Amino acid sequence: MQELASGSADRALISQRRFFTKPCGRRTRASAPPSRNNVYLCCIVLLMRSSSADIDRYLDTLARQARPGDRLPPIRELMKRFGASQVAVQRSFAQLKDRGLIKSEVGRGTFFIGADTLEAPGREHPAPSSTIADNESGPSVLLLRRSISVARGRLLMEGLQKALVADGARVLELSYTDPVHARDVLKSLPRFDACVVQSTYRTIPIELLAELRDKCDVVAVDGLALAGSDVESVGIEWGEPLDAAMRRLHGQGHRRIAFATTAHPFLSTQLALRRYRSLALAAAETLDCTEITLPLLPDEGFADALVDHLQGLLRSAGSLPFSALVAWGIEDGAAFRAALAGIGLEVPDMLSIVLLGRPDIASEHADFFEIVGSHVADQVETLHRVIRMRMRSPGAPYGATLTQVRSRPGRSLAALPAAKARRSQR
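The present account deals with the structure reproduced in this document. Just so we're clear, the structure is a prediction, and the values are computed from it rather than from any experiment. (Residues numbered from 1 in each chain as written. Predicted model: local features only at pLDDT ≥ 70, side-chain atom pairs only at ≥ 80, totals over all residues. Heavy atoms only, no water.)

## Notes on the overall build of the protein
Okay, so step 1: Scanning the protein from N- to C-terminus turns up 14 helices and 14 strands.
Okay, so step 2: Across the 426 residues in the protein, those meeting the buried criterion constitute 45%.
Okay, so step 3: In the protein, once contacts between residues fewer than 6 apart in sequence are set aside, the share between residues at least 24 apart is 72%.
Okay, so step 4: Per element, the accessible surface of the protein, about 21,500 Å² overall, is 51% carbon and sulfur. (Helix = DSSP H or I, 4+ residues; strand = E, 2+ residues; numbered from the N terminus. Buried < 20%, exposed > 50% of the residue type's maximum accessible area, 1.4 Å probe, protein only. Contact = heavy atoms within 4.5 Å. Areas by Shrake-Rupley, 256 points an atom, 1.4 Å probe, with all protein chains shown as cover.)

Below you can see the structure in the form of structure tokens.
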């Protein structure tokens with residue numbers, strides 16, 4: 001309200017005083033003022049009309065003073081300045097475009113044509129580029145990642161940076177350990193056209209997200225942590241890879257199959273647990289399922305804790321209650337295999353294993369484990385494509401984009417002998 005253009009607040013107050021003699025809708029006597037709700041609704045209508053008119057006048061003035069190529073103020077900045085909705089700002093943009101005062105270029109944004117072009121309406125302008133940027137000062141992109149030693153995160157950011165730079169963008173990469181400190185640092189930085197956030201299994205505080213939305217026109221998140229908000233989310237839900245791994249093991253004769261994952265309530269892993277429980281319920285007579293949830297993350301010793309859990313089962317019963325295992329969160333396949341051998345579990349002779357992970361990361365499969373999940377390369381390509389789409393169409397609905405499920409065969413899976421298969425079904 002305080003940021004309305006000069007005169008708007010005064011007009012609103014004058015109109016509010018007149019409500020008692022001439023309210024919106026039907027007339028009433030001066031001695032019978034309308035209800036508080038009616039006054040409130042009328043104020044909203046008048047303020048919305050006033051905000052839209054103020055935006056139109058402001059942009060019209062800018063258009064006539066701007067030089068060709070000057071960028072329009074960001075939509076969110078205008079929303080905040082005039083207290084207007086996104087629809088109202090976009091409507092004002094559309095009116096300027098219809099009048100030939102502005103133009104949009106693919107991936108770059110919206111720019112003023114300049115008052116001099118109004119005198120030559122037939123003048124042709126260069127066609128928009130198909131890349132994010134087509135001049136020396138391309139859009140600026142911030143890559144913000146939490147500093148955690150996870151190979152997949154580093155590879156993704158390196159690949160995305162190369163793709164953006166090759167497309168003409170200017171890229172700044174920052175890593176952080178404290179989100180509060182990251183928020184304070186962001187306040188001192190200039191605006192960015194886009195930002196990609198990688199939190200790597202950690203929560204993104206709402207204060208940090210708000211600062212990013214205020215600082216960047218486009219915000220994309222690596223992962224599905226913020227699905228349903230006004231940011232772009234790109235990632236994989238582990239339910240589909242889990243289903244593929246279970247079918248693969250079932251096809252090899254395994255009927256007693258365990259699933260190991262984190263106990264942290266991430267959307268993507270929770271969907272895998274839901275799928276696992278549904279499969280167990282649907283095939284309760286032929287499938288024996290063991291759920292293993294550990295309160296750790298991959299960078300917190302999840303793999304070691306899983307090995308310790310399996311060793312505990314061996315000590316208590318002399319053998320495992322399952323012949324196959326689907327494991328999420330294994331970052332180092334070679335170390336995991338060696339740790340299993342250290343407790344007397346030879347893979348696949350004693351236990352068949354399928355990992356849920358990244359088939360294109362050699363350190364995960366270690367040229368041994370069968371693995372189902374998504375490629376880092378696909379994540380890079382999808383994030384890059386989503387950023388381009390959002391820059392071309394800032395008013396498009398936000399959403400979550402799922403990457404393709406891929407797999408890589410390995411030597412960690414063996415067919416269960418017929419005798420063992422019959423015993424496992426009893």
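Next, the rest of the story.
## Focus on helix α4 (residues 86–98)
Okay, so step 1: Taking 1.5 Å per residue as the helical rise, α4 with its 13 residues ought to reach 18 Å, and the 18 Å between its terminal C-alpha atoms agrees with that figure.
Okay, so step 2: Inspection of α4 places Ala-88, Val-89, Ser-92, Phe-93 and Leu-96 among the buried residues, and these make up the whole buried set. Along the axis of α4, the buried residues cluster in a sector spanning 140°; they form a single face. Opposite its buried face, α4 presents the exposed residues Val-87 and Asp-98, each directed more than 90 degrees away. (Expected span 1.5 Å × (residues − 1). Arc of directions from axis to C-beta.)

## Points about the nonpolar core
Okay, so step 1: Counting residues in hydrophobic clusters, the biggest one holds 45 residues, and the most contacted among them are Leu-306 and Leu-310.
Okay, so step 2: It is helix α10 (residues 302–317) that provides the largest number of residues to this core, a total of six residues. (Core = buried A, V, L, I, M, F, W, Y, C linked by side-chain atoms within 4.5 Å.)

## Some remarks on α10
Okay, so step 1: When the terminal C-alpha atoms of α10 are compared, their 23 Å separation across 16 residues agrees well with the 22 Å that a helix rising 1.5 Å per residue should span.
Okay, so step 2: Buried residues of α10: Phe-302, Ala-305, Leu-306, Val-307, Leu-310 and Leu-314, and no others.
Okay, so step 3: Residues of α10 that are buried make contact with β8 (256–262), β9 (288–294), β10 (324–328) and α11 (333–342).
Okay, so step 4: Phi for Gly-318, located one or two positions after α10, is positive at around 85°.

## Here's the deal with the sheet that holds strand β13 (residues 400–402)
Okay, so step 1: Within the open sheet, the six strands sit side by side as β4-β3-β5-β6-β7-β13. Their pairing is parallel. Edge strands, defined here as strands with exactly one partner in the open sheet, are β4 (170–176) and β13. Pairwise comparison of adjacent strand axes, ignoring direction, gives a mean angle of 20° for this sheet.
Okay, so step 2: Where helix α5 (residues 151–166) meets the sheet, it contacts β3 (140–146), β4, β5 (192–198) and β6 (216–222), and its direction lies at approximately 175° from that of β3. (Pairing = 2+ DSSP bridges. Axes fitted to C-alpha atoms, helices over the stretch in contact; angles between N-to-C directions.)

## Section: the environment of Arg-337
Okay, so step 1: Here Arg-337 is to be found in helix α11.
Okay, so step 2: Excluding residues that lie within four positions of it along the chain, Arg-337 makes contacts with Phe-368 and Phe-369.

## Looking at the side chain of Thr-261
Okay, so step 1: Note that Thr-261 resides in strand β8.
Okay, so step 2: By relative accessible area, which is 1% here, Thr-261 ends up buried.
Okay, so step 3: In this structure Thr-261 touches Thr-269, Leu-273, Ile-292, Thr-293, Leu-294, Phe-302 and Trp-328, once residues within four positions along its chain are discounted.

## Side note on the sheet that holds β9
Okay, so step 1: Taken together, six strands build an open sheet; the order of strands is β9-β8-β10-β11-β12-β14 and the sheet is mixed. Only two strands of the sheet have a single neighbouring strand rather than two, namely β9 and β14 (406–408). When strand polarity is set aside, the average angle formed by the axes of neighbouring strands in this sheet is 20°.
Okay, so step 2: As paired strands, strand β11 (residues 352–357) and strand β12 (residues 370–373) are joined by four bridges and run parallel to one another.

## A word on the packing of α5 against helix α13 (residues 376–392)
Okay, so step 1: Put simply, α5 and α13 touch, their axes get as near as 9 Å, and they point 45° apart. If you check the angle between α5 and α13, you find them oblique. For the crossing formed where α5 meets α13, the hand is right-handed. Of the residues in α13, those touching α5 at Arg-152, Leu-155, Leu-156, Gly-159, Leu-160, Ala-163 and Leu-164 are Val-376, Gln-379, Val-380, Leu-383 and His-384.
Okay, so step 2: The residue makeup of the contact of α5 with α13, split by class, is eight nonpolar, three polar and one charged. (Parallel < 35°, antiparallel > 145°, perpendicular 65-115°, else oblique. Left-handed = near helix turned anticlockwise from the far one by under 90°. Nonpolar A, V, L, I, M, F, W, Y, C, P; charged D, E, K, R; others polar.)

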